[in-house]
Amino acid sequence: MERIGDDMMFEEILSRLPAKVVCQFKCVCKQWCYELSTPKFVLIHTRRLSNLLQKKLLSLNEHTIVVDDIVSGNLEVDTRKIVTFPYDVQPSRLIIIGSFNGLILLCIRRTDANELVLWNPTIRRFKLISDDYFSRYFG
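Everything quoted here is computed from the prediction, not taken from an experiment.

> How should the sheet that holds strand E7 (residues 125–128) be read in this particular structure?
Consider a sheet: its strands pair through backbone hydrogen bonds, and that pairing is either parallel or antiparallel. The sheet built from four strands is open, its strands ordered E4-E5-E6-E7 with antiparallel pairing. Edge positions in the open sheet fall to strand E4 (94–100) and E7, since each of these has one partner strand only. When the angles between neighbouring strand axes are averaged without regard to direction, this sheet yields 25 degrees. Note: strand E6 (residues 115–120) against E7, four bridges, orientation antiparallel. Following the sheet pairing, Leu118 is matched in E7 by Lys127.

So, in structure tokens, the structure goes:
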């Protein structure tokens, strides 16, 4: 068997592995660390993983936050879960700004100032990443 080229090894084999394993492979040598950190590899790896992962739909209602599974493009209503936001705020006051790999960036609308919160609903932990600093100094 001929020697497998580096491009094929990184783009076709290693890009299919879970992120944790890829991070461990970065410790093999400097070349692997470099190759596994290039924007091209990251893009290929992210696209492959996003196609394999089960998708979730997060719905904010007046009093609840509902998580539904999406399997093969179809909403699975049997797997519906209701989660609570671990911060004293009604879901109707939340705005979802974005999400990536299970982390959700939320804006909490308050009458005096808005707050940004990074939330991981899987482990039910959050981090307040801004307060009213920007509102006070920049309007």
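After that view, the rundown keeps rolling.
> It is not clear to me how the side chain of His45 should be interpreted in this structure. Could you clarify?
Among the secondary structure elements, His45 is positioned in helix H4 (residues 39–52). At 2.7 Å, the side chain of His45 and the backbone oxygen of Leu17 are in polar contact. Here His45 is in contact with Leu14, Ser15, Leu17, Pro18, Ala19 and Val22, once residues within four sequence places are set aside.

> Quick question: what am I supposed to make of the pattern of salt bridges here?
Once their charged atoms are close, side chains differing in charge can pair, the charge on each being opposite to the other. Counted according to the given criterion, the structure contains three salt bridges. With a closest N to O distance of 2.8 Å, Lys40 and Glu11 form a salt bridge. One end of the pair, Lys40, is in helix H4; the other, Glu11, is in helix H1 (residues 6–13), and 29 residues separate them in sequence. A residue is classified by how much of its surface remains accessible, and Lys40, at 51% relative accessible area, is exposed. Between Arg16 and Glu12 there is a salt bridge, and its shortest N-O distance comes to 3.1 Å.

What counts and how
Position numbers for residues count from 1 along each chain, tracking the sequence in the order it is written. Thresholds applied to this predicted model are a pLDDT of at least 70 for local features of residues and 80 or more for the giving and counting of side-chain atom pairs; totals over whole chains, interfaces and linings are not thresholded and use all residues. Calculated side-chain values reflect all of the structure's heavy atoms, with hydrogen atoms and water omitted. At least two DSSP bridges between two strands are needed for those strands to be called paired. Helix numbering and strand numbering both begin at the N terminus, where a helix is a DSSP run of H or I of at least 4 residues and a strand a DSSP run of E of at least 2. Throughout, an axis means a line fitted to C-alpha atoms (over the contacting stretch in the case of helices), and angles, computed between N-to-C directions, take values from 0 to 180 degrees. N or O atoms closer than or at 3.5 Å make up a polar contact, with two conditions inside protein: a donor-capable atom paired with an acceptor-capable one, and, for residues adjacent in sequence, both atoms drawn from side chains. The criterion used for residue contact is that any of the two residues' heavy atoms lie within 4.5 Å. Each salt bridge in this description consists of a side-chain nitrogen of Lys or Arg and a carboxyl oxygen of Asp or Glu lying within 4 Å of one another. Only protein chains enter the accessibility calculation, which uses a 1.4 Å probe; a residue is then buried when its area is under 20% of its type maximum, exposed when over 50%, and partly exposed in between.

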